[in-house]
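# Examination of the molecular architecture
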Amino acid sequence: GQSLEQPSEVTAVEGAIVQINCTYQTSGFYGLSWYQQHDGGAPTFLSYNALDGLEETGRFSSFLSRSDSYGYLLLQELQMKDSASYFCAVRGDTGRRALTFGSGTRLQVQP
Amino acid sequence: ETGVTQTPRHLVMGMTNKKSLKCEQHLGHNAMYWYKQSAKKPLELMFVYNFKEQTENNSVPSRFSPECPNSSHLFLHLHTLQPEDSALYLCASSQDPLLAASTDTQYFGPGTRLTVL
């Protein structure tokens with residue numbers, strides 16, 4: 001089986017930096033993904049890490065440590081529009097196409 | 001706009017009704033997925049199709065019946081649902097993640113908000 005843990009809520013102010021952690025347990029491992037979902041909207045892909053290290057895409061970065069079964073999403077220069085839920089997801093089992101998602105972290109950005 | 005459309009966006013049905021959810025992707029993907037998203041719960045995988053063949057069924061009750069006539073269309077047929085089935089039903093598509101160089105990126109539709117009375 002697979003399971004992922006991430007904090008349920010995070011609050012930060014505009015312009016700040018916030019880190020959302022994710023720990024996972026899988027029987028195999030292919031990569032860790034991050035998705036953003038605004039209220040009433042669909043999840044949208046943010047980033048993917050298959051190898052250890054940091055991936056940067058604009059204000060967002062994602063980090064993976066396979067030895068620690070751990071990753072994080074780093075959001076810099078926070079904007080009000082970043083208020084959303086953020087999900088980590090893994091595709092862990094050999095031969096499976098489906099992703100297993102964490103329960104999501106609700107980020108609230110305050111002025 | 002992600003290239004994945006879902007209809008209807010909202011659906012209210014009684015427990016004895018039969019209805020269908022439709023998903024269409026315009027991205028040329030081979031894999032399509034149904035997920036259920038309930039309040040305060042993670043996205044739950046329901047079904048996976050690859051090249052029209054069902055490859056995963058996550059122990060979904062038989063009152064949910066998927067259909068994939070081709071790689072671009074996916075349906076979820078609903079009958080005799082229960083109130084606890086009320087949720088957001090999301091469709092997604094991707095390139096086959098079992099192929100080399102896949103990034104596991106899935107593209108989601110806007111979802112159908114289902115209420116079962």
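Read on for an overview of the structure.

Rules behind the numbers
Residues numbered from 1 in each chain as written. Chains lettered and ligands numbered in written order. Predicted model: local features only at pLDDT ≥ 70, side-chain atom pairs only at ≥ 80, totals over all residues. Heavy atoms only, no water. Core = buried A, V, L, I, M, F, W, Y, C linked by side-chain atoms within 4.5 Å. Buried < 20%, exposed > 50% of the residue type's maximum accessible area, 1.4 Å probe, protein only. Helix = DSSP H or I, 4+ residues; strand = E, 2+ residues; numbered from the N terminus. Contact = heavy atoms within 4.5 Å. 1 Å grid on protein atoms, 1.4 Å probe; cavity = no way out; pocket = protein on both sides within 12 Å on 5 of 7 lines; lining within 4 Å. Points joined across faces, edges and corners; volume = space filled by probe spheres on them. Nonpolar A, V, L, I, M, F, W, Y, C, P; charged D, E, K, R; others polar. Phe/Tyr/Trp six-rings, centres within 6.5 Å; stacked < 30°, edge-to-face > 60°. Pairing = 2+ DSSP bridges. Axes fitted to C-alpha atoms, helices over the stretch in contact; angles between N-to-C directions.

Our next topic: the nonpolar core. Residue and element names in this part refer to chain B. With 22 residues, the main nonpolar core has Trp34, Phe64, Leu76 and Leu78 as its most contacted residues. Secondary structure elements with two or more residues in this core: β2 (10-13), β3 (18-25), β4 (31-37), β5 (44-50), β7 (64-70), β8 (73-79), β9 (87-94) and β11 (112-116). With residues near it in sequence (within four places) discarded, Phe64 still touches Met46, Phe47, Leu76, His77, Leu78, Leu81, Asp85 and Tyr89.

Next up on the list: the layout of surface pockets. Its volume calculated, the largest pocket comes out at about 600 Å³. If you go around the largest pocket, you meet 26 residues; those closest to its centre are Gln37 and Ser85 of chain A together with Gln37, Ala39 and Lys40 of chain B. Elements represented by at least two residues in the lining of the largest pocket include exactly β9 (84-90) and β11 (105-110) of chain A together with β9 of chain B. Across the lining of the largest pocket, the residue classes tally to five nonpolar, 14 polar and seven charged.

Before going further, it helps to examine empty space enclosed by the protein. Within this structure, the stated rule accounts for one cavity of 30 Å³ or more. Of the pockets and cavities examined, the largest cavity occupies roughly 30 Å³. Along the walls of the largest cavity sit Arg91, Arg97 and Leu99 of chain A together with Tyr33, Ser94, Gln95, Pro97, Asp104, Thr105 and Gln106 of chain B, which together make up its complete lining. Taken together, the residues of the lining of the largest cavity sort by class into three nonpolar, four polar and three charged.

Taken as a whole, this structure holds twelve aromatic pairs over all chains when the rule is applied. Taken together, a centroid distance of 6.2 Å and an interplanar angle of 25 degrees make the contact between Tyr33 of chain B and Tyr35 of chain B stacked. Note on accessibility: Tyr33 of chain B and Tyr35 of chain B belong to one class, buried. Members of the aromatic cluster, connected to one another through ring pairs, are Tyr35, Phe45 and Phe101 of chain A together with Tyr33, Tyr35 and Phe108 of chain B.

All names here are of chain A. A sheet is described by the order of its strands in space; here five strands give the open sequence β1-β3-β8-β7-β6, paired in antiparallel fashion. Lying at the two open borders of the sheet, with one neighbouring strand each, are β1 (3-5) and β6 (53-57). Each strand of the sheet is rotated relative to its neighbour by a mean of 20 degrees, with strand direction disregarded. The pairing of β1 with strand β3 (residues 18-25) spans three bridges and is antiparallel. The residue bridging Ser3 from the neighbouring strand is Gln25, located in β3.

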